[in-house]
Every structure is written in C-alpha cells, then in structure tokens.
Amino acid sequence: MLEEIKRLKEEKDVVILAHYYVDGKVQEIADYVGDSYFLAKKATQVKEKNILFCGVSFMGESAKILNPDKKVIMADELADCPMAHMVDIDKIHEVREKYPDVAVVCYVNSTAEIKAESDVCVTSSNAIRVVEKLPNKHIFFIPDNNLARYVAKQLPEKEFIFNDGFCHVHKSIDVESVRKAKELHPEALVLTHPECTEDVLEVSNFIGSTSEIIDYATESDATEFIICTEMGVFYELEQKNPAKKFYSVGHRQFCPNMKRITIEKVREALEKMEPEMTLSEEIRGKANKPLVRMLELAQ
Ligand code: 13P
Ligand code: SF4
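Attention in this report is confined to the structure presented alongside it. Just so we're clear, the structure is a prediction, and the values are computed from it rather than from any experiment.

**Re the pattern of salt bridges**
- Enumeration according to the criterion identifies 16 salt bridges in this entry.
- With a closest N to O distance of 2.7 Å, D76 and K265 form a salt bridge. Of the two residues, D76 is situated in the loop between strand 4 (71-74) and helix 5 (89-98) and K265 in helix 14 (residues 263-272); the sequence distance between them amounts to 189 residues.
- We classify D76 as buried; its relative accessible area is 6%.
- Take K265: its relative accessible area is 29%, and that puts it in the partly exposed class.
- A salt bridge links E202 to K153, with the shortest nitrogen-to-oxygen separation between them at 3.8 Å.

Encoded structure:
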C-alpha cells in the first residue's frame, strides 16, 4: 500500500498534506503534517500541481482558496468540521450594523462562505498575534466561543463580541477528568488546546495549537504530559519523544470527522484524482482576502 501510494503520488505530481488529528498511518504517508496555520501556509509553497488533503473540508477549502490554479483533492469529501458552520451570516451583518468599526475575525475552522464575510482569518497559533495588530477596537470573533474568550483575555484593550460556536471534541474534555488524570500522574504537565473550555484552560500548564503542544512537549525537560486535545497528536508526540509519557483524559478525545480518513481512501483518491474541492469564483475571491491578510499579519 505504501509503495503504491508513493508511486501514484510521483506519477500524478501530488503532494499530500495532513493534519495532526488524522490517524497515525495517514500521517506516516503524508509529505507534510502540521497544524492549520502550517498547512495553509504550506499549501501556498508546494511546487506540485496537485494537493491531496487529509483533513476536514475547511482545510481543503483554504488550500483551494489560496491556490486557485492547483487541483485540490480531498481524501474524504464527507469529513467536515461541525464548528465550521456555527455562525449565522445574518448575525455577521447585524453585528456590522451595530458596531461600524468592528473587525470580523474568523477562525479558519469555518466555511468558505463565512470567510467571504470576514475581515481576517486566524488560527489557534496566530490568533493573539493577528488580533493584536488590528486597528479596530471591536472584534467579532467567529465561530469558536472558547478560542474567542481565550484571545480576549490576552488582549484586554479590545472589546470582543462573542459567538456561540464550539468544538464538540474539545468541549467534551471536562475539568473533572483533567483533575483525575492529574491525581493519577501528579508530575505530569497539562498541555491544552485553546478550543477547550475556560475551566480546563485554567488548570493547564501550557495552551497552544497542535504544533505548539508538540513543540512544547518536545523541548520541555519534563517527561510526563496530560494532553487535552484530539488524540491524533499522540502519534507525533510519541514519534518525537519515545522516552516521554503522554496521557489522555478519557476516551472522548476523538474527532470522528478527522478519523474518516484512511490510507485506503488516500490510495483511491490518488488513483481517481477525486473528489475534487471546488468553489465558486465569487466565494473563492472574497474568502481569499481574509486568508491572505492572516498570512501577512501572522509573519
Ligand atoms: P490546530 O491544528 O491549528 O491547532 O487546529 C485544531 C483543530 O481543531 C483543527 O480542526
Ligand atoms: Fe472540528 Fe473539533 Fe474536529 Fe477540529 S477537532 S475538526 S474543531 S470537530
């Protein structure tokens, strides 16, 4: 299977991009694995004519928005992030009317249609850096409420308007389970994704994106960690740190959409060169502006 994927990739001039939440076997065959920011940036730098995306649809959309001339193929077209739909476009218009100076800041975990209505995109690794640089006082941060509250806390000079979107995977990581894990492993540091709820963030030693969590654990002198994000990150954590121990907080740290992607589907997508990610030129053009602005401001 691995040999065949390699052959098809070369024959068809395809680069495989994968997110840290996909299954370890898929991460193993990918050319690049990363967090959402790394993958969006990488999509603009690769030389291959075709990108095969192993992640949920908003990630493939971003790759297509930033690279209209490349063919973007999804390993599974039904892999979709529920949070990406959790804001009403009418609500964006209402907020814009009420606060004429507002910046609509859109977490990349959002559909292309929502990005098209926004001023700038952010990811969990650059949100503070990007929002800090905006001249606007009012910030309407969509769709994630938890990430918005975390960013707002770091930037008290801004006035945030919140939306009520959430990631069901990170929301299911409850503070009681984190406390229990800590009782079992008192020496372990708690590393948490900012999509988690505020009470979980409060008991954490470090808060960051998937890549930042992996880098933190790798560079740390500590040897035990409790990981509060989707379990896919364990693959890279263990690859990079065979002598360190990583604990989960229960069995709900599982994104069913990311786990739809298998190496069998990757091979099939390479063989057929489909399903292809397509977007109307109108939406693509509008959604490109906030993504490009993010890439510029996050430098
Ligand atoms: P990052 O990899 O950017 O931290 O994103 C997490 C996530 O939920 C992606 O769906
Ligand atoms: Fe969406 Fe959460 Fe899955 Fe990330 S982990 S893709 S935010 S549902």
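**A word on the nonpolar core**
- Formed by 111 residues in total, the largest nonpolar core has its most connected members in F141 and V266.
- Among residues more than four places away in sequence, those in contact with V266 are I5, I16, V26, I29, L52, C54, A75 and I261.

**Looking at unusual backbone geometry**
- A cis amide bond links I142 with the next residue in sequence, P143, at an omega value of -20°.
- For P143, the position within the fold is in the loop between strand 7 (138-142) and helix 8 (145-154).
- Positive phi, close to 55°, is recorded for D13, a residue that is not glycine.
- With respect to the helices and strands, D13 occurs in the loop between helix 1 (2-11) and strand 1 (14-19).
- A residue is classified by how much of its surface remains accessible, and D13, at 29% relative accessible area, is partly exposed.

**A few points about the site of ligand 1**
- Around ligand 1 sit 13 residues, and of these H19, S36, H193, E195 and T210 come closest.
- Between ligand 1 and N109, the relevant distance is 3.4 Å, taken from an oxygen atom to a side-chain nitrogen or oxygen of the residue.
- Taken together, the residues of the shell around ligand 1 break down into four nonpolar, seven polar and two charged.

**Concerning the sheet that holds strand 12 (residues 245-247)**
- With parallel pairing, the four strands of this open sheet are ordered in space as 10-9-11-12. In the strand order of this sheet, the two ends are held by strand 10 (206-207) and strand 12, each with one partner.
- Pairing analysis gives four bridges linking strand 9 (residues 189-192) to strand 11 (residues 224-228), with the strands arranged parallel. If you follow L189 over to strand 11, its bridge partner there is F225.
- Most of the contacts of helix 13 (residues 233-240) go to strand 12, to which it runs at about 165°, and overall it touches strand 11 and strand 12.

Reading the values: rules and limits
- Residues numbered from 1 in each chain as written.
- Chains lettered and ligands numbered in written order.
- Predicted model: local features only at pLDDT ≥ 70, side-chain atom pairs only at ≥ 80, totals over all residues.
- Heavy atoms only, no water.
- Salt bridge = Lys/Arg side-chain N within 4 Å of Asp/Glu carboxyl O.
- Helix = DSSP H or I, 4+ residues; strand = E, 2+ residues; numbered from the N terminus.
- Buried < 20%, exposed > 50% of the residue type's maximum accessible area, 1.4 Å probe, protein only.
- Core = buried A, V, L, I, M, F, W, Y, C linked by side-chain atoms within 4.5 Å.
- Contact = heavy atoms within 4.5 Å.
- Near = heavy atom within 4 Å.
- Polar contact = N/O pair within 3.5 Å; in protein donor to acceptor, adjacent residues only side chain to side chain.
- Nonpolar A, V, L, I, M, F, W, Y, C, P; charged D, E, K, R; others polar.
- Pairing = 2+ DSSP bridges.
- Axes fitted to C-alpha atoms, helices over the stretch in contact; angles between N-to-C directions.

Functional significance is not addressed by these values, which are geometric in nature.
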